[in-house]
Amino acid sequence: MKGMGRTVLYLCLLFGLRVAVELLNDHATQYLLMIIFLFLGSLGIIWGLRRVFGRIARGSEKDLNLLRRLAPSCLMLLGMVFLFCFPFTRTFAEIKQHRYEERREEVISAIEQGRLLPDRFGVVELPEGLKQISLDGEVEVYELSPERSVIGFWVFRGMPDGASAMVRCSDGQAPDRETLQAGALYQCEPMGEGWYYVSYD
């Protein structure tokens, strides 16, 4: 079962790499690790497919022995499907929201009251001690007026799904593509009172 052991270790490495992508708070490092993850994942899929079709094509072994030999390759392919299809970004966004919601609300109040000011691009640089609540320590102010504020905390910036953020709308209305200045809005899910998980390009 050496092949099975190597497969499990490989999948554990990829799983750890994928989780690390979500836990990091630096855009450049996050992006680099995602590229490595996609590269290694692609190699795993290619290896698994070659092994499966190669064994089936030879087909000279007994059925039971063939299944035993195919087990590591099939596990690899199933693991790859899970790693590529499971909504890691969405799941970790929810975990971080539960952890940081109170501090994010404090930052929003500071922005609305003028104690934290966005630059001309609508970006607020968070002070030390609060940088971990948004990727790269930056908050995006999409709209700020007495009637409505729309403020986003980055979750992911880059591939595979463009950008993801937790967005707080003071009036409770979901943000639209124009407000987010996005080319395409892929996902907009409510995550509590006035909060939305958005994924866009």
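Criteria and cut-off values
Residues numbered from 1 in each chain as written. Predicted model: local features only at pLDDT ≥ 70, side-chain atom pairs only at ≥ 80, totals over all residues. Heavy atoms only, no water. Helix = DSSP H or I, 4+ residues; strand = E, 2+ residues; numbered from the N terminus. Contact = heavy atoms within 4.5 Å. Areas by Shrake-Rupley, 256 points an atom, 1.4 Å probe, with all protein chains shown as cover. Phe/Tyr/Trp six-rings, centres within 6.5 Å; stacked < 30°, edge-to-face > 60°. Buried < 20%, exposed > 50% of the residue type's maximum accessible area, 1.4 Å probe, protein only. Lys NZ or Arg CZ within 6 Å of the ring centre and 35° of its normal. Pairing = 2+ DSSP bridges. Axes fitted to C-alpha atoms, helices over the stretch in contact; angles between N-to-C directions.

S.K.: Help me get a handle on the overall build of the protein chain, residues and values and all.
M.R.: Along the protein chain, the regular secondary structure elements total five helices and six strands. Counting only contacts in the protein chain whose residues sit at least 6 apart along the sequence, the fraction spanning at least 24 positions is 52%. Summed over its atoms, the accessible surface of the protein chain is roughly 11,200 Å², and 60% of this surface lies on carbon and sulfur atoms.

S.K.: How would you summarise the packing of aromatic side chains if you had to cite specific residues and measurements?
M.R.: Tallying each qualifying case throughout the model produces six aromatic pairs. Note on Phe37 and Phe84: the rings are 5.4 Å apart at their centroids and 40 degrees apart in plane angle, and the pair reads as tilted. Of this pair, Phe37 sits in helix H2 (residues 27–58) while Phe84 is found in helix H3 (residues 63–85), placing the two residues 47 residues apart along the sequence. For the ring pair Phe153 and Trp195, a centre distance of 5.9 Å and an interplane angle of 45 degrees mean the geometry is tilted. Of the two residues, Phe153 sits in strand E3 (residues 149–157) while Trp195 sits in strand E6 (residues 195–200), which places them 42 residues apart along the sequence. You'll find Phe153 and Trp195 in the same group, each marked buried. Joined through ring pairs, the aromatic side chains of Phe15, Phe82, Phe86 and Phe88 make up one cluster. Here the basic side chain of Arg90 rests over the ring of Tyr197, its NZ or CZ set 5.6 Å away from the ring centre.

S.K.: Mind laying out the sheet that holds strand E1 (residues 123–125), listing which residues take part and the relevant values?
M.R.: What the six strands build is an open sheet, ordered E1-E2-E3-E4-E6-E5; its pairing is antiparallel. The open sheet has two free edges, formed respectively by E1 and strand E5 (185–190), since each of these has just one partner strand. On average, each strand axis in the sheet is inclined to that of its neighbour by 25 degrees, with strand direction left out of account. Here E1 runs beside strand E2 (residues 138–144); their pairing, made up of three bridges, is antiparallel. For Val124, the partnering residue across the bridge sits in E2 and is Val139. Here helix H4 (residues 88–112) sits on the sheet and contacts E1, E2, E3, strand E4 (163–169), E5 and E6; the angle it forms with E3, its principal contact strand, is near 145 degrees.

Interpretation note: all reported values are geometric properties and have no functional meaning in isolation.
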